[in-house]
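Tertiary structure, described
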Amino acid sequence: MHNSTPRARIGRRGFLIGTAGLTLGGAALLTACGSGSEPLVADGPPRPGGRLRTAIAGRSATADVLDPYVAGSSAGGAVAKNVWDKLVAYNNDLTLRYRLAEALEPNADGSSWRIRLRQGVRFSDGSPLTSRDVLFSFERMLDPAKPSAGDLAMIDLARTRADGDHAVVVQMKYPLADFGSVLAGWYCYVIKAGTTTFDATTLPVGTGPFALVNWAPGDRTLLRRNDLHWDGPALLDEVEIIQIAETEARMNAFRSGAADVAHEMSYLQASTLAGDPDARVIVPPAGLMGAFQMRVDMAPFDDVRVRQAMRLAVDRQAMADALYYGYGEVGNDLYGKGAPFYHDRLPQRQYDPERARALLREAGKENLTVTLPTADGLPGQVEAATLFAEHAAKAGITIRLESVPADTYFSQVSGEQPLTQVGWWNYSLDYFYGQTATSASPSNGTGWRRPEWDATFAAARAAMDPARRAALYAELQEELWNEGGLILHSFAKRPDAARAKVGGLRDGVPGTDDWANYATTWLAG
C-alpha cells in the first residue's frame, strides 16, 4: 500500500538484505527510495504526455470518500497513492523502502523512534514538507472516528514532538520493533498541515506524482502531473481513475476502448486475454488471500467445533484449480504466506467432509444451514462461494448464497454477518493482525477477541530479537490456525490488463506502493 541493490533472498517474499539496506533490531529492512518492481514497457522509448484511463473497483457515490484516512476501496487507494505519499512503503516482497523519510532510528528497546525526513520535498502547491505536516498527519490519523486510528494506535501523541523542521521523535505507548511496517500501512499518508476538508470543491494538495483536478464520488477522478514531485515528474499529463465495481464491467470497459488499463480482472479473463496482440496481461510476483470469515462471536460459529468443521468442508486444491487458471495456490487458514514470520511449519489442512460431519454431530449442529452473502466485487468471489457450497454439501452443510451489490459488499456486509467473504491485500503480519485480530482492532471481521492473545501479540511486536519475534508469531498463528475464524482457502496472483501502448506500468502486488501507481507509466503514440 521499491530497489536495485544486490541482495540475498530468504523465502518467496521474505526479507531482502541489500547493501543499501538498514536492519533495525527485529525490524524489516529499509532501502533507499526508488520504483521497486521493474516497470513493464511498451514498444519504443518512453515518451511524455497523454491521459491514461484506468478502470478499477470502487464504491457507490454515497460510500466513496476522498480522505486517505477513510478511503477503503481499490479506487480510493489508487487515488491516495498517486496524490499523497508515505514515509516508507512496501516493496512486492513486503520489505520496505524509504519515501518521505530518509531514516527511521529506534532507541535500544523500540520505545522511541526518530524519523528523519527527506529535505527538498514540496507539496503540489509549492509549500515545503516539514515535521509539522507529519505531526498534523499523525494527529488526524489517530482521530478515533477514523478507521486510520488503528494503524498508529501505538503512538503516544502527547509525548511525540518535532526535532527541527526535518525530524520527528515518536514516543510509543509500548515498544515496537518494526515501526516501518506500520508506517507503510494502508492509511499512513502524509498530508499538508491544516488540511481538514476532502471534497470536490477543496481538492487538497499532496506530495505525490499527481495532483487532483476533479473528483466525482463513485464515478471517476482526474489527476494532473505534479511537476514539483520530489522523485521527478511523471511522464503522463493526466490520469483518469474510473470506478467500476463489477469485474465483468471493468473488462467490458477495457475491451470497448473506454479504459487503457483494467485492474483486478478475473482469472478467466486473464487467460483469454493472453492471446490478444493489443493487450498485455500484467501478473504480480505474489498472490493475495482468498477467504471466508466466520464471526466467532455469533452463532453458530461461536462453537469452535463448527468453525473447525467449516474449515474441513472446503476442497482447497479443487478451489485453486477451478478458479485461478494457474494463478493460484492453496492456503492454510493463515494470512501472509511467504511474508516474514509466516508460520509455514503447520500441517496443510485437507478436505475431510466426514470429519466435518462428525464435528457438527458432536456440536449438535448436524445438517447445518448457513447463509453466505456474495458479490462480484473481487475476481473469483462469486465462483468461490458457489464452489464452497458444493464442497460443504458433502459434509451435510447447506450454504445458501445471497447475492448483494458489489459496491457496498466490503463496506456494509463483510464481517457484519456470521459468514461472509473477505479480501485483504499484502501487508506485514504486524500490520494485518493489528488491524484485524486484537480486541481493539478496527477491522476485526471475525470477532476474535482474546486478551491473552492480545498480550502475546504486543510482546511479538516489541521483540527486537528476530528469533524471539518468530517464536511468538508462531504461537499466535497456531492459536488462530486451531481456533480462529478465517477459512483462508487460497492465494492467487491478481492480474491486470493494459493496452499494448501502455508502458512503464509496474507489476505491483496490491497493498504495495507499486500497484496502481502511475508515476512511471507512459503512453506510446
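For the structure itself, look to the data block above.
An account of the accompanying structure is given in this report. These numbers were taken from a predicted model, which means no experiment stands behind them.

For the rest of this paragraph, the subject is the sheet that holds strand β12 (residues 167–171). Spatial strand order, β9-β10-β12-β11: four strands in an open sheet with antiparallel pairing. The open sheet has two edge strands with one neighbour each: β9 (101–106) and β11 (161–162). Bridging between β11 and β12 involves two bridges; their strand directions are antiparallel. Bridge pairing in β12 places Arg 161 opposite Val 169. Contacting β10 (112–117), β11 and β12, helix α2 (residues 131–141) crosses the sheet at an angle of about 30° to β12.

What follows is about the sheet that holds strand β17 (residues 261–262). Taken in spatial order, the seven strands make up an open sheet running β14-β15-β16-β5-β17-β25-β18, and their pairing is mixed. Either end of the sheet is taken by a strand with one partner, and the two such strands are β14 (210–216) and β18 (279–282). Taken together, the two bridges between strand β5 (residues 51–56) and β17 define a ladder with parallel strand orientation. Bridge pairing in β17 places Ala 55 opposite Ala 262. Packing against the sheet, helix α1 (residues 74–83) makes contact with β5, β14, β15 (220–225) and β16 (238–243), and its axis sits at approximately 145° to β14.

A few words now on the pattern of salt bridges. Two side chains that carry opposite charge are able to pair once their charged atoms sit near each other. Enumeration over the complete set of coordinates arrives at 36 salt bridges. Residue Asp 260 is joined to Arg 53 by a salt bridge in which the shortest nitrogen-to-oxygen separation is 2.8 Å. Of the two residues, Asp 260 sits in the loop between α4 (247–256) and β17 while Arg 53 sits in strand β5, which places them 207 residues apart along the sequence. Note on Asp 260: relative accessible area 2%, which makes it buried. Arg 114 is paired through a salt bridge with Asp 163; the nearest N and O atoms lie 3.1 Å apart.

Quick look at helix α10 (residues 406–413) now. Turning to α10, its buried residues are Ala 406, Thr 408, Tyr 409 and Val 413. Buried residues of α10, viewed axially, fall in a sector of 145°; they line one side. At the C-terminal side of α10, Gly 415 shows a positive phi close to 80°.

In terms of burial, β12 is largely enclosed, as five of its five residues are buried. Side chains of β12 alternate between two faces, with Ala 167, Val 169 and Gln 171 and Val 168 and Val 170 buried alike. By the bridge criterion, five bridges tie β10 to β12 in an arrangement that is antiparallel. Looking at the pairing, Arg 114 lines up with Val 169 of β12. Remark: four residues form the turn of the hairpin made by β11 and β12, two consecutive strands paired antiparallel; Gly 164 in that turn has positive phi of roughly 80°.

Quick look at the packing of aromatic side chains now. Inspection of every chain in the model, using the stated rule, returns 20 aromatic pairs. Pairing Tyr 433 with Tyr 473 gives two aromatic rings, centres 6.5 Å apart and planes at 25°, and the pair type is stacked. One end of the pair, Tyr 433, is in helix α11 (residues 429–436); the other, Tyr 473, is in helix α13 (residues 466–483), with 40 residues separating them in the sequence. Accessibility expressed as a relative area gives 0% for Tyr 473, which makes it buried. Arranged with centres 5.6 Å apart and planes meeting at 20°, the rings of Trp 453 and Phe 457 form a pair that is stacked.

A large share of α11 lies buried, amounting to eight of its eight residues. Within α11 the residues assigned to the buried category are Leu 429, Asp 430, Tyr 431, Phe 432, Tyr 433, Gly 434, Gln 435 and Thr 436. Structurally, α11 contributes buried residues whose contacts are with β7 (88–90), α3 (179–183), α12 (451–462), α13 and β24 (486–492).

Relative to each other, helix α6 (residues 304–312) and α13 sit at 85°, their axes nearing to 8 Å. As judged from the angle between their axes, α6 and α13 are roughly perpendicular. Residues Val 304, Arg 307, Gln 308 and Arg 311 of α6 form the contact with α13, whose own contacting residues are Leu 480, Trp 481, Asn 482 and Glu 483. When its residues are assigned to classes, the contact of α6 with α13 shows three nonpolar, two polar and three charged.

So, on to the pairing of strand β19 (residues 288–294). Burial analysis of β19 places seven of its seven residues in the buried class, the great majority of the element. Note: β19 against β24, six bridges, orientation antiparallel. Each residue of the ladder has a partner; that of Phe 292, found in β24, is Ile 487. Summarising the sheet, β19 and strand β23 (residues 419–422) pair through four bridges and their orientation is antiparallel. For Gln 293, the partnering residue across the bridge sits in β23 and is Thr 420.

Counting residues in hydrophobic clusters, the biggest one holds 101 residues, and the most contacted among them are Leu 87, Ile 115, Phe 138, Leu 152, Phe 179 and Tyr 433. Not counting the four nearest positions on each side in its chain, Phe 138 is found in contact with Leu 87, Ile 115, Leu 152, Ile 155, Leu 157, Val 170 and Leu 183. With 43 residues, the next largest nonpolar core counts Ala 270, Leu 323, Tyr 327 and Ala 384 among its residues.

Take the environment of Ser 181 next. Take Ser 181: it is sitting in helix α3. Judged by relative accessible area, Ser 181 falls into the buried class, the value being 1%. Those residues within four positions of Ser 181 in sequence are excluded, and the remaining contacts are Tyr 90, Leu 96, Ser 428, Asp 430 and Tyr 431.

Moving on to the side chain of Ser 414. Mapping Ser 414 onto the fold places it in the loop between α10 and β23. In terms of polar contacts, Ser 414 uses its side chain to reach the side chain of Gln 293, at 3.0 Å. The contact partners of Ser 414, leaving out residues within four places of it in the chain, are Gln 293, Tyr 409, Thr 420, Gln 421 and Val 422.

This brings us to the environment of Leu 476. Among the structural elements, Leu 476 can be located in helix α13. Put simply, Leu 476 and Ala 460 are 16 residues apart on the chain and 8.9 Å apart in space, counted from C-alpha to C-alpha. Those residues in contact with Leu 476 that lie beyond four places of it in its chain are Trp 453, Thr 456, Phe 457 and Ala 460.

About the criteria used
- Residues numbered from 1 in each chain as written.
- Predicted model: local features only at pLDDT ≥ 70, side-chain atom pairs only at ≥ 80, totals over all residues.
- Heavy atoms only, no water.
- Pairing = 2+ DSSP bridges.
- Helix = DSSP H or I, 4+ residues; strand = E, 2+ residues; numbered from the N terminus.
- Contact = heavy atoms within 4.5 Å.
- Axes fitted to C-alpha atoms, helices over the stretch in contact; angles between N-to-C directions.
- Salt bridge = Lys/Arg side-chain N within 4 Å of Asp/Glu carboxyl O.
- Buried < 20%, exposed > 50% of the residue type's maximum accessible area, 1.4 Å probe, protein only.
- Arc of directions from axis to C-beta.
- Phe/Tyr/Trp six-rings, centres within 6.5 Å; stacked < 30°, edge-to-face > 60°.
- Parallel < 35°, antiparallel > 145°, perpendicular 65-115°, else oblique.
- Nonpolar A, V, L, I, M, F, W, Y, C, P; charged D, E, K, R; others polar.
- Core = buried A, V, L, I, M, F, W, Y, C linked by side-chain atoms within 4.5 Å.
- Polar contact = N/O pair within 3.5 Å; in protein donor to acceptor, adjacent residues only side chain to side chain.

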